[in-house]
Number of protein chains: 2
Amino acid sequence: MAARMTRQRTAVVEALDELADFRSAQQLHETLRARGESVGLATVYRALQALAEASEVDVLRAEDGESLYRRCARREHHHHLVCRHCGRTVEIDGPTVEAWASKVAAAQGFDDIEHTIELWGTCADCRASAATK
Amino acid sequence: MAARMTRQRTAVVEALDELADFRSAQQLHETLRARGESVGLATVYRALQALAEASEVDVLRAEDGESLYRRCARREHHHHLVCRHCGRTVEIDGPTVEAWASKVAAAQGFDDIEHTIELWGTCADCRASAATK
DNA sequence: CGGCCTTTGACAACCGTTCTCAACAAGCGT
DNA sequence: ACGCTTGTTGAGAACGGTTGTCAAAGGCCG
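Residues numbered from 1 in each chain as written. Chains lettered and ligands numbered in written order. Predicted model: local features only at pLDDT ≥ 70, side-chain atom pairs only at ≥ 80, totals over all residues. Heavy atoms only, no water.

Peer 1: Can you help me understand the pairing of strand β2 (residues 58–61) of chain A in this one?
Peer 2: In the case of a regular strand, side chains alternate between the two sheet surfaces. All names here are of chain A. In this sheet, strand β3 (residues 67–70) lies alongside β2 in antiparallel orientation, the contact comprising 4 bridges. Following the sheet pairing, L60 is matched in β3 by L68. Hairpin connection between β2 and β3: a loop of 5 residues separates the two successive antiparallel strands, and G65 in this loop has a positive phi of roughly 95°. (Pairing = 2+ DSSP bridges. Helix = DSSP H or I, 4+ residues; strand = E, 2+ residues; numbered from the N terminus.)

Laid out in structure tokens, this is it:
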């Protein structure tokens, strides 16, 4: 139960802190390998899972179903505008949207409401480099 | 290129029409088998894929990553309130939300914007049967 | 330092989905 | 109705992300 601070966990957290954008577990694993920090893939998955449970990282699903992780600045509930090419992320919140969501759901007799509100797009940088093809 | 109307495709469409709720490809496959309509799993996947491309069905991802399909009443853009236990679905639209989403994204210099707005909950029926455990 | 007990890592197992490819059948022309 | 052409089917293999297994490694508390 006690969360031990191991070299591997520290490495995962550090990598997330530096990256700042949404990354897949495999990308993270690759990054760690590249910088010499040898960490097993399964361990990366477990670390991310634990962090997500503790709300230390946000998780969202890419369009192809892969899970992406990010260490967000704010721990409160919020949403994201994510570049589908490079993972670049902007945190956003929509107080209006929150209210709207729970009102609609309640009106239909639904409980335990959760909502998924994510915005995907192509950021300015990726649009520029795509033009240079 | 021409879309041929085969027994299998017809069966998939019919099953979707009757079900009315979001179902996974495997559930659909199981349903068809159960009613004697022998259809290969791969074929179900292909049929759903084709229907999705033609905007004949809506696709969304369950929390565990599985794809769910549904034949919606309206073909225009809309969102869903889905019971995470039985797939029961209510179509909803949020004109305010749409506007908000594209405005926010544009303000950050993002292009090709797409948004995912889905509501998950437990419907009244499932809540009731859960109480009977 | 010693030992308990969590964590690790290589690899196998899983599971949803897609691919392969020979057999099959829609739909068209005759 | 009869071929023919060509898209479609289906069983099984392949795939890719993720999770499980289990012996070895190593935090952490006394």
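Peer 1: What am I meant to see in the relation of the copies chain A and chain B here?
Peer 2: Two copies of a chain can be linked by a rotation about an axis combined with a shift along that same axis. Note on the identical chains: chain A maps onto chain B by a rotation of 180° and an axial translation of 0.0 Å, with an RMSD of 0.1 Å. Here the transformation between the copies is reduced to the relation of a two-fold axis. Residue A:I117, judged by its C-alpha, is the member of chain A lying nearest the rotation axis, at 2.2 Å. Of all interface residues in chain A, 100% are interface residues in chain B too; the two copies therefore contact each other through one and the same surface. (Least-squares fit on C-alpha atoms with pLDDT ≥ 70 in both. Contact = heavy atoms within 4.5 Å.)

Peer 1: Just checking my understanding: could you explain the interface of chain A and chain B for this structure?
Peer 2: Quite often, the size of an interface is put as the accessible area lost when its parts meet. Taken together, the contact pairs 36 residues of chain A with 36 residues of chain B. With both chains or domains summed, chain A and chain B bury close to 2900 Å², and 61% of this area falls on carbon and sulfur atoms. If you look at where chain A meets chain B, you find 4 salt bridges. Between B:E114 and A:R84 there is a salt bridge, with the nearest N and O atoms lying 3.0 Å from each other. Secondary-structure elements contributing two or more residues to the side of chain A that touches chain B are β4 (79–83), β5 (89–92), α4 (95–107), β6 (111–122) and α5 (124–131) of chain A. Among the elements that take part in the side of chain A that touches chain B, β6(A) stands out by supplying 12 residues, more than any other. Class assignment of the residues belonging to the side of chain A that touches chain B gives a composition of 17 nonpolar, 8 polar and 11 charged. Relative to strand β6 (residues 111–122) of chain B, β6(A) runs antiparallel, the two being bridged by 9 bridges. For A:L119, the partnering residue across the bridge sits in β6(B) and is B:H115. (Buried area = accessible area lost by both parts, 1.4 Å probe. Salt bridge = Lys/Arg side-chain N within 4 Å of Asp/Glu carboxyl O. Nonpolar A, V, L, I, M, F, W, Y, C, P; charged D, E, K, R; others polar.)

Peer 1: How should I be thinking about the sheet that holds strand β1 (residues 23–24) of chain B in this particular structure?
Peer 2: In a beta sheet, neighbouring strands pair by backbone hydrogen bonds and run either parallel or antiparallel. Residue and element names in this part refer to chain B. One open sheet holds the 3 strands; their spatial order is β1-β3-β2, and the pairing between them is antiparallel. The open sheet is flanked by β1 and β2 (58–61), the only strands paired with a single partner. Bridging between β1 and strand β3 (residues 67–70) involves 2 bridges; their strand directions are antiparallel. By the bridge assignment, S24 is partnered in β3 with L68.

Peer 1: For this particular structure, what's the right way to read the nonpolar core?
Peer 2: Most often, soluble globular proteins keep nonpolar side chains buried together rather than apart. With 28 residues, the main nonpolar core has A:L81, A:I92, A:W100, A:L119 and B:W100 as its most contacted residues. Broken down by secondary-structure element, the contributors of at least two residues to this core are β4, β5, α4 and β6 of chain A together with β4 (79–83), β5 (89–92), α4 (95–107) and β6 of chain B. (Core = buried A, V, L, I, M, F, W, Y, C linked by side-chain atoms within 4.5 Å. Buried < 20%, exposed > 50% of the residue type's maximum accessible area, 1.4 Å probe, protein only.)

None of the figures reported here should be taken as evidence of function without further support.
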